[in-house]
Structure formats: C-alpha cells, structure tokens
Amino acid sequence: LTCCSSSRSVMISRPLLSEERKNEDRLVTISTACSSRAKAMASAARLLRTGLVDAVITGGADSLGQFTVRGFMALESVASERCNPFSANRNGINIGEAAAAFVMTREADFGESLPLLGYGAGSDAYHMSSPRPDGQGAAQAFQAALTHAALPPEAIGWINLHGTGTQHNDSM
C-alpha cells in the first residue's frame, strides 16, 4: 500500500447471475486513505463470496495534488532520501503516484495467479488518526484475516506492514 491521503480505489463488477441483470454494472469508489486498495479487495472478495458476481476488477490509484504534498510537508514528514520505515535511520516518507488493478474471480484453480486468502480490518475508535497504543485494533484485524483464510498464525510467512517512516507513525 502506498501512503497518500488522496488514495482512491475503484471496484467494478458485473453481476452474472441472470440474463436480466447481465448489463448492470456496479462501480464503487472507496476512499479510506492508505487502506483504500485493501478495502477494495476485501469488498470484492465479499461480493465473490456471496455469489453476486463471478468476477470483479478492483484496484486503486494515488495521485498527488498540492493539498496532499503540502499537508505532508507541513507535518515535516517528507524524507529527502530513501524512506526507511521501522529503521533506526528513518527520517520520513517518500510520496509519489501509483496505480494497480486486479481481476478477482471465484475460480478455485489459481494456476500462476495469487489468491487472496484472507483479509481483515479494524477500527478501534481510539483517536481520529492514531490507533490504540496496546494494538487491540491491529490484533483484531490480524485475527479477522486469519479467520477468513482459515489459517493458524504460524502458517504466515510474510506480513506487509504499512509505515510512513516517521518515528511517530512507526510507533503505532
């Protein structure tokens, strides 16, 4: 996930359950800052799981505007060098533009594709921009992802963390 507050994700699905609904497209825009792409993929997975659709095109894009750039600069969180989140040498973030799209289906044979095994999200309502210091919201999100994937914690070999490369954010 990239780190820009102007993040937007779009999910397009076409229901394939009946002939009457065949031409009915659904376009959903999700805007939850840094978590937009993950939330779009989780929403796509829910649509697939319920059987409302057979396939979903989902993805997201970050585009930078002056508001976003000036906001991060005002917070003094923009690094002049490479971003080093969770490092003793961290000195801020690098912001940029990016986009990605995925086609998600209910097909069980993934071939060379990567399956989305699980997903989880949490909102501990501790503070508008800071999670609970004890990590309860993050623990709930991890548990939800494990539950969706039907996997035990020891089966996880990689966790993709999100950090801004600032000491304050990395401590969260």
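Keep in mind that this is a model prediction, so the values were computed, not measured.

**Q** Would you take a moment to explain the overall build of the chain for this structure?
**A** For the chain, the count of helices and strands is four helices and four strands. In the chain, the succession of helices and strands from N to C terminus is β-β-α-β-α-β-α-α. Burial status across the chain gives 27% buried among its 172 residues. Residue pairs in contact within the chain that sit at least 24 positions apart in sequence constitute 67% of those at least 6 positions apart. For the chain, the computed accessible surface area is about 11500 Å², with 56% contributed by carbon and sulfur atoms.

**Q** Just checking my understanding: could you explain helix α1 (residues 36-50) for this structure?
**A** Side chains of residues three or four places apart in an α-helix project in the same direction, reflecting 3.6 residues per turn. Between the first and last C-alpha of α1 there are 21 Å, a value that for 15 residues agrees with the 21 Å anticipated at 1.5 Å per step. Considered for burial, the residues of α1 that qualify are Ser36, Arg37, Ala40, Ala42, Ser43, Ala44, Ala45, Leu47 and Leu48. In the segment just after α1, Gly51 is the residue with positive phi, at about 85°.

**Q** So what exactly am I meant to see when it comes to the pattern of salt bridges here?
**A** Proximity of charged atoms lets side chains of opposite charge pair with each other. Taken as a whole and judged by the stated rule, the model has two salt bridges. With its nearest N and O atoms 2.5 Å apart, the salt bridge here joins Asp134 to Arg132.

**Q** Where do I start with the nonpolar core in this structure?
**A** Judged by nonpolar contacts, Ala42, Ala44, Ala45, Leu47, Leu48, Val53, Val56, Met104 and Tyr119 together constitute the single largest core of nine residues. Examining the composition of this core, we find that five residues originate from one element, α1, more than from any other.

**Q** I would appreciate a short explanation of the environment of Gly122 in the present structure.
**A** Following the sequence through the fold, Gly122 ends up in the loop between β4 (98-105) and α3 (136-149). For Gly122, a relative accessible area of 45% corresponds to the partly exposed category. Separated by 17 residues in the primary sequence, Gly122 and Ala139 have C-alpha atoms spaced 8.4 Å apart. Aside from chain neighbours lying at most four places away, what touches Gly122 is Gly137 and Ala141.

**Q** Which parts of the structure should I look at to understand unusual backbone geometry?
**A** Most peptide bonds take the trans form, and the phi angle of most residues other than glycine is negative. Positive phi, normally seen in glycine, also occurs at Glu76, with a value near 55°. Here Glu76 lies in the loop between α2 (66-74) and β4. When its relative accessible area of 73% is taken as the criterion, Glu76 is described as exposed. Backbone geometry at Ala150 places phi at a positive 55°, although glycine is not the residue there. Mapping Ala150 onto the fold places it in the loop between α3 and α4 (167-170). On the accessibility criterion, Ala150 (64% relative accessible area) is exposed.

**Q** Explain a nonpolar patch on the surface here, please?
**A** There is a patch of nonpolar side chains on the surface, built from Phe86, Leu117, Phe142, Leu151, Ile156, Ile159 and Leu161 and spanning about 640 Å² of accessible area. As for its placement among the helices and strands, Ile159 is situated in the loop between α3 and α4. The exposure class assigned to Ile159 is partly exposed, which follows from its relative accessible area of 47%.

**Q** Which parts of the structure should I look at to understand the side chain of Ser43?
**A** Inspection of the secondary structure puts Ser43 in helix α1. A polar contact of 3.1 Å, which involves the side chain of Ser43, links it to the side chain of Arg46.

Thresholds, definitions, all that
Residues numbered from 1 in each chain as written. Predicted model: local features only at pLDDT ≥ 70, side-chain atom pairs only at ≥ 80, totals over all residues. Heavy atoms only, no water. Helix = DSSP H or I, 4+ residues; strand = E, 2+ residues; numbered from the N terminus. Buried < 20%, exposed > 50% of the residue type's maximum accessible area, 1.4 Å probe, protein only. Contact = heavy atoms within 4.5 Å. Areas by Shrake-Rupley, 256 points an atom, 1.4 Å probe, with all protein chains shown as cover. Expected span 1.5 Å × (residues − 1). Salt bridge = Lys/Arg side-chain N within 4 Å of Asp/Glu carboxyl O. Core = buried A, V, L, I, M, F, W, Y, C linked by side-chain atoms within 4.5 Å. Patch = residues over 30% accessible without salt bridge, like charges linked within 9 Å, V, L, I, M, F, W, Y side chains within 5 Å. Polar contact = N/O pair within 3.5 Å; in protein donor to acceptor, adjacent residues only side chain to side chain.

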